[in-house]
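Coordinate analysis (summary)
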Amino acid sequence: MLELFGTKACPYTAQLREDLQWRRVPFVEFDVEDDPQALERMMRLCGGGRSVPVLVAEESVVQIGYEGRSCYAGAT
């Protein structure tokens, strides 16, 4: 199953979520500004990066950003 790391405030997270839902791709979503453990995990997977959205499959990053755009997930 895919994992989507993002934030409520990021419009690109919302666009990627809507795209996955429209294509009926199952995923679990984590808000990295509300969940410090999810932020730590995302940063570990991304080599310290804080750009969202991040799409992960089987512990591997498959996509960062959406259509070439992303938001910065600030410190919690």
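Preceding this paragraph is the structure being described.
In this report, we go over the structure that sits alongside the text. (Residues numbered from 1 in each chain as written. Predicted model: local features only at pLDDT ≥ 70, side-chain atom pairs only at ≥ 80, totals over all residues. Heavy atoms only, no water.)

**Concerning the pairing of strand β4 (residues 54-57)**
Relative to β4, strand β1 (residues 2-6) runs antiparallel, the two being bridged by four bridges. Bridge assignment links Phe5 to a residue of β4, and that residue is Val54. Relative to strand β5 (residues 60-64), β4 runs antiparallel, the two being bridged by four bridges. Looking at the pairing, Leu55 lines up with Gln63 of β5. Where β4 hands over to β5, the hairpin turn is made up of two residues, of which Glu58 adopts a positive phi near 50 degrees. (Pairing = 2+ DSSP bridges. Helix = DSSP H or I, 4+ residues; strand = E, 2+ residues; numbered from the N terminus.)

**Some remarks on the environment of Glu40**
Relative to the elements of secondary structure, Glu40 occurs in helix α2 (residues 36-45). Note: C-alpha distance between Glu40 and Arg50 (ten residues apart in sequence) is 9.7 Å.

**Looking at the side chain of Glu3**
Here Glu3 is to be found in strand β1. Filtering out sequence-adjacent residues up to four positions away, Glu3 remains in contact with Val28, Phe30, Arg41, Val54, Leu55, Val56 and Glu59. (Contact = heavy atoms within 4.5 Å.)

**Looking at the pattern of salt bridges**
One pass over the full model with this rule turns up seven salt bridges. In this structure, the salt-bridge partner of Lys8 is Asp31, at a minimum N-O distance of 3.8 Å. Of this pair, Lys8 sits in the loop between β1 and α1 (11-22) while Asp31 sits in strand β2 (residues 27-31), placing them 23 residues apart in sequence. For Asp31, a relative accessible area of 18% gives the class buried. Note that Glu67 is salt-bridged to Arg69, the shortest N-O span being 3.8 Å. Looking at Glu67, the relative accessible area reads 58%, which means it is exposed. Here the salt bridges do not stand alone but share partners, grouping Glu3, Arg41 and Glu59 into one network. (Salt bridge = Lys/Arg side-chain N within 4 Å of Asp/Glu carboxyl O. Buried < 20%, exposed > 50% of the residue type's maximum accessible area, 1.4 Å probe, protein only.)

**Some thoughts on the environment of Phe27**
With respect to the helices and strands, the residue Phe27 is situated in strand β2. Leave out the neighbours within four places in its chain, and Phe27 touches Met1, Leu2, Leu4, Arg17, Leu20 and Gln21.

**A look at α1**
If you check α1, its first and last C-alpha atoms are 16 Å apart, about what twelve residues at 1.5 Å a residue would give, namely 16 Å. Restricting attention to buried positions, one finds in α1 the residues Tyr12, Thr13, Leu16 and Leu20. All buried residues of α1 project into a common sector of 105 degrees when viewed along the axis, lining one side. Away from its buried face, by an angle of more than 90 degrees, α1 presents the exposed residues Glu18 and Trp22. The inward-facing, buried residues of α1 abut β1, β2, β3 (51-52), β4, β5 and β6 (71-72). Looking one or two residues beyond α1, the residue adopting positive phi is Arg24, at roughly 55 degrees. (Expected span 1.5 Å × (residues − 1). Arc of directions from axis to C-beta.)

Geometry only, nothing functional implied.
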